[in-house]
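Examination of the molecular architecture
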Amino acid sequence: MNKERSSSVELALSKMGNISFDIDGVIVYSVMDALDVVNKRLKTKYQLKDIKKPFQMTEWLKQDPKVEDPRKEDIELWNSWRVLSKARMIPGAYMVCKMLHNLDHPHLFITSRPAQTRPSTYHWFHKNLPWVTTDQIKMQNNGNEINPDFKVNQIIENSIDLHFEDSLEHAAQIINETEKTRVVLIRHEFTLAREKPHPRLIIPDTKETSLFLSFQKALEAYR
Ligand SMILES: [Mg+2]
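Residues numbered from 1 in each chain as written. Predicted model: local features only at pLDDT ≥ 70, side-chain atom pairs only at ≥ 80, totals over all residues.

Bringing the overall build of the chain into the picture now. Each helix and strand in the chain was counted, giving 10 helices and 8 strands. Here the C-alpha radius of gyration of the chain, 18 Å, is about what a compact globule of 223 residues would show, namely 17 Å. Based on the C-alpha atoms only, the size of the chain along its principal axes is roughly 60 × 35 × 35 Å. Sorting the 223 residues of the chain into buried and exposed places 31% on the buried side. Residue pairs in contact within the chain that sit at least 24 positions apart in sequence constitute 62% of those at least 6 positions apart. (Helix = DSSP H or I, 4+ residues; strand = E, 2+ residues; numbered from the N terminus. Rg over C-alpha atoms; globule rule 2.2 N^0.38 Å. Buried ≥ 20, exposed ≤ 12 C-beta atoms within 10 Å, placed from the backbone. Contact = placed C-beta atoms within 7 Å.)

Counting residues in each nonpolar core, the largest one holds 41 residues, and the members touching the most others are Val26, Ile27, Val28, Ala34, Ile90 and Leu211. With 4 residues, helix H2 (residues 30–42) is the largest single contributor of residues to this core. Both domain 1 (3–27 + 90–221) and domain 2 (32–85) contribute no fewer than three residues apiece to this core. Non-local contacts of Ile90, meaning those with residues more than four positions away in its chain, are made with Val26, Ile27, Val28, Tyr29, Ile186, Thr209 and Leu211. (Core = buried A, V, L, I, M, F, W, Y, C linked by C-beta atoms within 7 Å. Domains from an automatic or database assignment.)

Take the domain arrangement of the chain next. By convention, interface size is frequently given as the accessible area that disappears when the constituent parts associate. For the chain, the assigned domains are domain 1 (3–27 + 90–221) and domain 2 (32–85). The gap between the C-alpha centroids of domain 1 and domain 2 is 25 Å. Taken together, the contact between domain 1 and domain 2 spans 10 residues of the former and 8 residues of the latter.

Burial along strand E6 (residues 162–165) is two-sided: Leu162 and Phe164 and His163 and Glu165, pointing in opposite directions, are all buried. In this structure, strand E1 (residues 19–21) lies alongside E6, joined through 3 bridges in parallel fashion. Each residue of the ladder has a partner; that of Ile19, found in E6, is Leu162. Sheet topology places E6 next to strand E7 (residues 182–185); 4 bridges connect them, and they run parallel. If you follow Glu165 over to E7, its bridge partner there is Leu185. The parallel pair E6 and E7 is bridged by helix H9 (residues 168–177), and the resulting crossover is right-handed. (Pairing = 2+ DSSP bridges. Right-handed = clockwise from strand over helix to strand, strands pointing away.)

Read from one edge of the open sheet, 6 strands run E5-E4-E1-E6-E7-E8, paired in parallel fashion. Of all the strands in the sheet, just strand E5 (137–138) and strand E8 (201–202) have a single pairing partner and so form its edges. Sheet contacts for helix H10 (residues 211–221): E6, E7 and E8; angle to E7, the most-contacted strand, approximately 140°. (Axes fitted to C-alpha atoms, helices over the stretch in contact; angles between N-to-C directions.)

The phi torsion at Lys43 lies on the positive side, around 55°, for a residue other than glycine. Relative to the helices and strands, Lys43 resides in the loop between H2 and helix H3 (56–61). Positive phi, normally seen in glycine, also occurs at Asp104, with a value near 55°. Here Asp104 shows up in the loop between helix H6 (93–102) and strand E4 (107–110).

When you line up the elements, Gln140 lands in the loop between E5 and helix H8 (148–157). For Gln140, a count of 21 C-beta atoms within 10 Å puts it in the buried group. For Gln140 and Thr117, which are 23 residues apart along the polypeptide, the C-alpha to C-alpha distance reads 9.4 Å.

A few words now on the environment of Ile75. Here Ile75 is to be found in helix H4 (residues 70–78). For Ile75, a count of 18 C-beta atoms within 10 Å gives the class partly exposed.

This part covers the packing of H6 against H10. The contact between H6 and H10 brings their axes to 7 Å, and the two run at 50°. Considered as vectors, H6 and H10 are oriented oblique to each other. Taken together, the residues of H10 that come into contact with H6 (itself represented by Ala93, Met95 and Val96) are Leu211, Phe212 and Phe215. Here the residues of the contact of H6 with H10 sort into 6 nonpolar, no polar and no charged. (Parallel < 35°, antiparallel > 145°, perpendicular 65-115°, else oblique. Nonpolar A, V, L, I, M, F, W, Y, C, P; charged D, E, K, R; others polar.)

Rendered as structure tokens:
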């Protein structure tokens, strides 16, 4: 980055205020690893483009007569050590996180993951973004369910101005239940068709899944 460009980034960043990132689908590409596990289990070859709705994998798991409770199995699979400790990273996440760290800009990682996934979450960050401290990772202390209310409460408690999110449902909830927080969308092929514009929702121009492209769009919005 040349000097002029880096100072314009810093200026836009200073207007952004406190930033937070959802983890799954924004930083961690856990869906890819969940797909690997489900395909191995069912001996199928499902791809990202086959995911049409939330809990799509529950539908697939129903095909296996050995699975007693497909919904429960789906959630357990996503939250398993195998998926969460080894998951790939969302394109551009390393660069964005490293830049915020280097510029010492306040940012948190807020997730609705259940409390039991704390060890695999810490392990993943230690391996992939080792400068992130555990204080920056906000997750439930108890509760073994996925809890979207936790995310909104943390956003309010930490006075977050700008949150990066991939779930359309969580984005809508954050916008509805906060007064000022703007939400930047990370786009996924399986959510594109359901996106709805809102004045506090920042949507990247391209359809690619990339935290870098979402961040770039946010910078434009603050210039
Ligand atoms: Mg997410």
